[in-house]
Amino acid sequence: MIPAPFDYHRPGTLDEAIGLLARYGTEAKVLSGGMSLLPALKLRLGICGHLVDIGRIPGLEYIKEEQGVVRIGAATRQAVLGRSEIIASRYGVLADAVPLIADPLVRNRATFGGNVANGDPANDGPAIVIALGAELVARGPQGERTIAANRFYKDLFVTALAPDEILTEIRIPLPPPRTGSAYRKLKRKTGDYAVAAVAVQLTLSASGAIERAGIALTNVAATPVEALEAQKFLTGKAPDEKVFLETAKLAAKAATPSADRRGSVEYKREMTRVLAGRALNAALERAKA
């Protein structure tokens, strides 16, 4: 229950933090809210020689609407997201998800960027940013680059971030008119990770057909899953019960869960199907509102 020894660094600027990462490479870990990293270090599930704390660097916590996107600073606390009128009015999927993340103590410390960048498929943020078509902004010694959220996750706890890069911002496109989104999650108790969860965003055309569909899954594979076959099937169709039932089946087909204390493979796939159906219906109702 005691972490392995490490050196603690508290840089005052982003450039200083990036310099430390460049110096120490894979021996360094970035600490933001610390709600995932610190327990892992404590239990020695993870070890680092240098801990780079970016939690006190100014200018990384904000929610701004600019030039067709909502920009969320990586250090923005989950609780701040939950109180944001911009988030509540435009992204039902996030408004649904935030109250279900852990508990109030965690949400007051945990950051959205940390949730997204950690590479944990059980985190809620990754599937949500995929479904919303977000871009993730990484900054390193060579400057900034953007990475599409659906190309960010490579394997379990492995992302497209280089060892000397820091996630600084999440950019989510402003939803067009007649767009709705929703998140549906099953967990055993408050504070637990999801047995399964599904994020959905739907945009309706003038005729009422599905113009764009974003569907992504939480904690049913080694990475968050973009349900590509389900999205393709749904796009262009008039939404009805039969179409949504088939879409939910295709979403569940994309899941490759492992059996554990939260349930069997079959149970998790079935719950993915059920949750996908609920999320699709909720997103549709919001798109029509």
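Here is what the cut-offs are and how they apply
- Residue numbering note: each chain is counted from 1, following its sequence as written.
- Side-chain atom pairs in this predicted model are given and counted only at pLDDT of 80 or more, local residue features only at pLDDT of at least 70, and totals for whole chains, interfaces and linings cover all residues.
- Only hydrogens and water are set aside; all other atoms, that is, all heavy atoms of the structure, feed into the side-chain values.
- Think of a nonpolar core as a cluster: buried Ala, Val, Leu, Ile, Met, Phe, Trp, Tyr and Cys residues, connected wherever their side-chain atoms sit within 4.5 Å.
- Exposed residues in this analysis have more than 50% of their type's maximum accessible area, buried residues have under 20%, and partly exposed residues fall in between, with area computed by a 1.4 Å probe over protein chains only.
- Counting from the N terminus, the helices are the DSSP runs of H or I reaching at least four residues and the strands are the DSSP runs of E reaching at least two.
- Residues count as neighbours in contact if any of their non-hydrogen atoms are within 4.5 Å of one another.
- For salt bridges, the criterion is a side-chain nitrogen of Lys or Arg within 4 Å of an Asp or Glu carboxyl oxygen.
- Cavity and pocket criteria rest on a 1 Å grid covering protein atoms alone: a 1.4 Å probe that fits but cannot get out defines a cavity, protein on both sides within 12 Å along at least 5 of 7 lines defines an open pocket, and an atom within 4 Å of a point defines a lining residue.
- Grid points are joined across faces, edges and corners, and a volume is the space filled by probe spheres set on the points.
- Here an angle of 0 to 180 degrees is reported between the N-to-C directions of two axes, which are lines fitted to C-alpha atoms, with helices fitted over the stretch in contact.
- Working definition: roughly parallel below 35 degrees, roughly antiparallel above 145 degrees, roughly perpendicular at 65 to 115 degrees, and oblique for all remaining angles.
- Take the far helix as your reference; a near helix turned counterclockwise from it by less than a right angle gives a left-handed crossing, and one turned clockwise gives a right-handed crossing.
- Any residue that is not Ala, Val, Leu, Ile, Met, Phe, Trp, Tyr, Cys, Pro, Asp, Glu, Lys or Arg is counted as polar, Gly included; the first ten are nonpolar and the last four charged.

Engineer: Describe the nonpolar core, and please don't skip the residues or the numbers.
Structural biologist: One finds Ile 72, Tyr 91, Phe 112, Ile 128, Val 129, Ile 170 and Ile 172 to be the most contacted residues of the largest nonpolar core, which totals 35 residues. Those elements giving two or more residues to this core turn out to be strand S5 (69–73), helix H5 (92–97), helix H7 (112–117), helix H8 (125–131), strand S6 (135–140), strand S10 (166–173) and strand S12 (194–204). With five residues, the top contributor of residues to this core is H8. The contact partners of Tyr 91, leaving out residues within four places of it in the chain, are Val 70, Ile 86, Leu 132, Ile 172, Pro 173, Leu 174, Pro 175 and Ser 181. Of all hydrophobic cores here, the second largest spans 30 residues; its members include Val 220, Val 225, Leu 275 and Ala 282.

Engineer: Got a sec to walk through the pattern of salt bridges? Specific residues and values, please.
Structural biologist: Within this structure, the stated rule accounts for 15 salt bridges. Its salt-bridge partner being Lys 185, residue Asp 124 comes within 3.0 Å of it at the nearest N-O pair. You can see Asp 124 sitting in the loop between H7 and H8 and its partner Lys 185 sitting in strand S11 (residues 179–187), a full 61 residues away along the chain. In this structure, Asp 124 and Lys 185 share a single accessibility class: buried. A salt bridge links Arg 171 to Glu 169; the nearest nitrogen and oxygen atoms lie 2.5 Å apart.

Engineer: Describe the layout of surface pockets, with residues and values.
Structural biologist: The volume enclosed by the second largest pocket comes to roughly 160 Å³. Along the wall of the second largest pocket there are 14 residues; nearest its centre are Ser 89, Arg 90, Tyr 91, Thr 179 and Gly 180.

Engineer: So what's going on with the packing of helix H10 (residues 241–253) against helix H11 (residues 265–288)? Residues and values would help.
Structural biologist: Where H10 meets H11, the closest approach of the two axes is 8 Å, and the angle between their N-to-C directions is 135°. Relative to H11, the element H10 lies oblique. Of the two elements, H10 crosses H11, and the hand of that crossing is right-handed. In this structure, H10 uses Phe 244, Thr 247, Ala 248, Lys 249, Ala 251 and Ala 252 to contact H11, whose residues at the interface are Arg 269, Thr 272, Arg 273, Ala 276, Gly 277, Leu 280, Asn 281 and Leu 284. Taken together, the residues of the contact of H10 with H11 sort by class into seven nonpolar, four polar and three charged.

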